[in-house]
Each structure stands twice: as C-alpha cells, then as structure tokens.
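A look at the structure
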Amino acid sequence: MSVLYSDDDGFFISHQMFISKLYDTILSETQNDVHLYEHFFHINNPFVRDKQQVETSAENNVVKRKRKRPSFEEDETSKKIKTFISNLKSQTDIFSISPKILDNNICARHASMKFYENTSALKTFYGQNPNPNIHTANGYVFPPKCQFYCDNVFNMKNLGDEKYDMILLDPPWTNKYIKRKKKIKPDEGYTMMDDQDLAQLPINQFLTSNGLVCVWCTNSQNHIDSLKSVLFPIWNVKYVACWYWIKVTECGEFVCNFTPGTGKQPYERILFGRKIDCDTKINNPEENKFIASIPSSVHSHKPPLSEILIPYLPPKPKCLELFARYLLPNWTSYGLEALKFQHQFLYENSDLENCNHKSNIKFNENIM
C-alpha cells in the first residue's frame, strides 16, 4: 500500500513507495544503491527559482531572504488545506523534522534533467503483459497484467468494444507557463489541447453504464467551468465531486506559496463525474477530499490513485487512463507517452553526483 495515512478528510500517499513496492524485484538487485526514480522525490525545500533561493554567507552567517509578498484574504479551500496538513503533522510522524537542506532541491532537479535527456519521443505501438509478474523487454519495464497503447488518444477506436468502469484523464490543458517553457526547452514542453479537442474524445462510448470519470484539472476557473458545464455533459456524465492534490516537501511545507486569484497554488484538482442515469448503489467520491504527497520533480508526473479509488468502483474494475505516462497493474494505458516512465534505466543504479540523499520521510507501520 502507498497510503500512509487516511481519515475522513483525506489521505497522505507516497508515490515513491508505490513504485518501490511494485518494482521491488528489480530494485532489490541493487538494493544498496539509490535509483534515479527515487531521486525525483527528494523535495526538501519549497520550489523557487535559483535567484530567489535563500543565500547564506559562510563568512558572516547573514541570511538574505526574498521580500515577503503582500498578504491577501485566503479562500475557504486554502484554509481547509492548511488545516488538513497541520492536523497531519500533529497526528503522525510522517514528515521529517530534521533541518532543511537549503540546496533548492538540486538532487531532484538533476534527476529530472537526466530523465529528459535520456527519454526521447516514443514510436506508436501497442502491447501488454498478461502475466502476474513484472516483465522487462526492449529496455522497458512492464508491471503485471497491464495493457498499453502508445498512440494518440484520438485513435481510441483501437480499444474496440471494450468498456471501462473508470476512465482517468490527465489532459494537456492550455497553459501560459508551458507555452513559455516550450520556447526555451522544447523537450520539456508538450502539445496542449483546447476544450474543443477534448470534447471530441468518445468517453461515453467506452464507459460502462455505471462508469466513473476522473479528470486532473488545473486551478483555472475557465477549465473547471468548461469541464463541469461542457465536457461532462458531452461525455454523458454528471459532476459528483472535486478533490485536491496537495504538494508538500519532506518536512511538510507547501511546495509553493498560496496566491490570490489565478496564481500558482501548491495544489491541483481532480474532478469526478459519474455516468448519467447510473443505476448502481456504488458510492460516489465525497466532495472536497484531500490527497497530500511529496510530488515528483518531473513536470506533471501525477501520483497513482488506484488504491484510494477502490471504494468507488466495483470489485475487479476495468480501468483506462488517457494521456497516460506510466503503466499500472490491471490497467489499460493510452497516450503518446504511455511508456515515458517505464524506461529500465530509471530503476537501475543512479550515477548522479552529490546526490546520496536518502528520503527522510518516515513510514509508520501503525498508520498504513
């Protein structure tokens, strides 16, 4: 299990632990070494630009900090998120209490850069691992009982007559930051889609009569409104709930400041919709639940939700992820980068210099 804590308000999950347990047969071959995948989650400081990083003078021990931003009135969501994390700190020993290392997450950032340097565009092809064990082939690692389509999601016809109890999407929403980043570092950007593109996806065609749709969404009010009032109705689903993914450091700090309006936030949203005219008594996700975790340093590398969504799905559900970037056991993954995080080198010895850092996060067996 990657769920380290849960209560009525939400969960704390470990993406790193999920990967470690899933691929333990590979990782155990070099268990005394740190793997590149592990480095992604060495987030010991809030995210800032290098020029904003705290500067400490070794000679006079003077610390210069960035000028504080003007205060603003927090909304209810921000207040509830802060309360959830505060309670998490007081009720568990999940987070590290060791002093912060003021290195601006250099290890995680280097791992991310190495990742992009060693992963290139993928060719269109399909495959599966029908076996109950992990399989490695052609430089990729395949979890048990997975199926994948490394292809454009507009070619979903390749799925045939399959129906899924849940469809999870992480759309490439239009984003000004990514537009700017793509100009500077083309390999780290991605092709964005507008609402008209997303509306063409035949979601309804591949949903069971009681199907659940989960969509990772930005905090843009335009995207949220479009999803609820335009895309969901076109896909023949009705809105049921919104959850929040909260990103924190190993010490439990938010990875960035809360900001007013449409500014960058230390959280993202997950919106849920259930098939219209659903006739089952299966539970819907509750409104306003929280998922906290230490995020990956690789952009848009979302944590797996398979374990925490079990109560809202039938036994042995068939699940499909669109715009997928990694594979999951018993899931079908579809997207141009479906194998992006399946490269075998990610699970082998890391040769990153000056990155011998081990995660300080504590896994308390009593709360798992």
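Scroll up a little and you will see the structure.
Here's what I pulled together on the structure shown here. Not measured: the values here are computed from a predicted model.

1. Let's talk about the packing of aromatic side chains
- On inspection of all chains with the given rule, the structure shows 25 aromatic pairs.
- Geometrically, the ring pair formed by Tyr-37 and Phe-341 is tilted, given 6.3 Å between the ring centres and 55 degrees between the ring planes. Here Tyr-37, found in helix α3 (residues 36–39), pairs with Phe-341, found in the segment after β15 (331–334); they are 304 residues apart in sequence, far enough to count as distant.
- Residue class for Phe-341 comes out buried when judged on its relative accessible area of 0%.
- An angle of 50 degrees between the planes, with centres 6.5 Å apart, marks the rings of Tyr-140 and Phe-142 as tilted. The pair Tyr-140 / Phe-142 is uniform in exposure class, with both members buried.
- In this structure, Lys-228 packs its charged tip against the face of Tyr-239, placed 4.3 Å from the ring centre.
- Note that Lys-318 overlies the ring of Tyr-164, its terminal NZ or CZ placed 5.3 Å from the centroid.

2. Re the nonpolar core
- In terms of nonpolar packing, the biggest core is built from 95 residues, with Phe-12, Phe-40, Leu-169, Trp-235, Trp-243, Leu-309 and Leu-322 touching the most fellow members.
- If you tally residues by element for this core, the top one is strand β11 (residues 237–247), at eight residues.
- Not counting the four nearest positions on each side in its chain, Trp-235 is found in contact with Leu-169, Leu-198, Ala-199, Leu-201, Ile-203, Asn-204, Val-213, Val-215 and Leu-227.
- Tyr-140, Cys-146, Phe-148 and Leu-339 belong to the second largest nonpolar core, which has eight residues in total.

3. Looking at the sheet that holds β11
- Pairing within the open sheet is mixed, and its 11 strands lie in the order β1-β2-β13-β11-β12-β10-β9-β14-β15-β8-β5. In this open sheet, the two edge strands, each paired with only one partner strand, are β1 (3–6) and β5 (125–129). Going from strand to strand, the sheet's axes swing by 20 degrees on average, the running direction of each strand aside.
- Inspection of the sheet shows strand β2 (residues 10–13) paired to strand β13 (residues 290–293) by three bridges, in the parallel sense. Opposite Phe-12, over in β13, you have Ala-292 as the bridge partner.

4. Some thoughts on the pattern of salt bridges
- The tally for this structure, following the rule as stated, stands at eight salt bridges.
- Residues Glu-74 and Lys-82 are paired through a salt bridge, measuring 2.2 Å at the closest nitrogen-oxygen approach.
- Taking the relative accessible area as the measure of exposure, Lys-82 reaches 31% and is therefore partly exposed.
- We note a salt bridge from Glu-337 to Arg-325, for which the minimum N-O separation is 3.2 Å. Remark: Arg-325 occurs in the loop between β14 (319–322) and β15 and Glu-337 occurs in the segment after β15; sequence separation between them is 12 residues.
- One continuous salt-bridge network, built from bridges that share partners, spans Asp-170, Lys-247, Glu-268 and Lys-302.

5. Some details on the side chain of Ser-293
- Among the secondary structure elements, Ser-293 is positioned in strand β13.
- A polar contact is formed between the side chain of Ser-293 and the side chain of Trp-245, at a distance of 2.8 Å.
- When sequence neighbours within four positions are dropped, the list of residues in contact with Ser-293 reads Phe-12, Ile-13, Trp-245, Ile-246, Lys-247, Val-248 and Pro-303.

6. Here's the deal with the environment of Asn-219
- Here Asn-219 shows up in the loop between β10 (207–217) and α8 (221–234).
- A relative accessible area of 21% places Asn-219 in the partly exposed class.
- Considering only alpha carbons, one finds Asn-219 and Glu-268, 49 residues apart in sequence, at a separation of 6.3 Å.
- With residues up to four places along the chain from it excluded, the contact list for Asn-219 reads Ile-224, Gln-265, Tyr-267, Glu-268 and Arg-269.
- From its side chain, Asn-219 meets the backbone oxygen of Tyr-267 in a polar contact 2.8 Å long.

7. What to know about the state of the cysteines
- Considering all chains together, one arrives at zero disulfides under this definition.
- The structure places no disulfide on Cys-214, whose sulfur is separated from the nearest cysteine sulfur, that of Cys-319, by 8.4 Å.
- Under the relative-accessibility criterion, Cys-214 is labelled buried at 0%.

Reading the values: rules and limits
For every chain, the first residue of the written sequence is number 1, and numbering continues from 1 onward in sequence order. For a predicted model such as this one, the threshold for reporting local features is a pLDDT of at least 70, and the threshold for listing and counting side-chain atom pairs is 80 or more; totals across whole chains, interfaces and linings nevertheless cover every residue. Based on all heavy atoms of the structure, the side-chain values leave hydrogens and waters out of the count. Aromatic pairs are defined between Phe, Tyr and Trp rings, using the six-membered ring for Trp, whenever the two ring centres lie within 6.5 Å; interplanar angles under 30 degrees are classed as stacked, those over 60 as edge-to-face, and all others as tilted. Strands here are runs of E lasting at least two residues and helices are runs of H or I lasting at least four, both read from the DSSP assignment and numbered beginning at the N terminus. Relative accessibility decides the category of a residue: with a 1.4 Å probe and only protein chains considered, values under 20% of the type maximum give buried, values over 50% give exposed, and everything between is partly exposed. Definition used: whenever NZ (Lys) or CZ (Arg) falls within 6 Å of the ring centre and also within 35 degrees of the ring normal, the charge is taken to sit over that ring. Residues grouped as a nonpolar core are buried Ala, Val, Leu, Ile, Met, Phe, Trp, Tyr and Cys residues, joined through side-chain atoms within 4.5 Å. Contacts were defined at the residue level, with two residues in contact if any of their heavy atoms lie within 4.5 Å. A strand pair is defined by DSSP finding two or more bridges across the two strands. Each axis is a line fitted through C-alpha atoms, and for a helix only the stretch in contact is used; angles between axes span 0 to 180 degrees, taken between their N-to-C directions. A pairing counts as a salt bridge when a side-chain nitrogen of Lys or Arg comes within 4 Å of a carboxyl oxygen of Asp or Glu. Distance and chemistry together define a polar contact, namely a pair of N or O atoms within 3.5 Å, with one atom able to donate a hydrogen and the other to accept it when in protein, and with adjacent residues in sequence counting only for side-chain atoms on both sides. Pairs of cysteine sulfur atoms within 2.5 Å are identified as disulfides in what follows.

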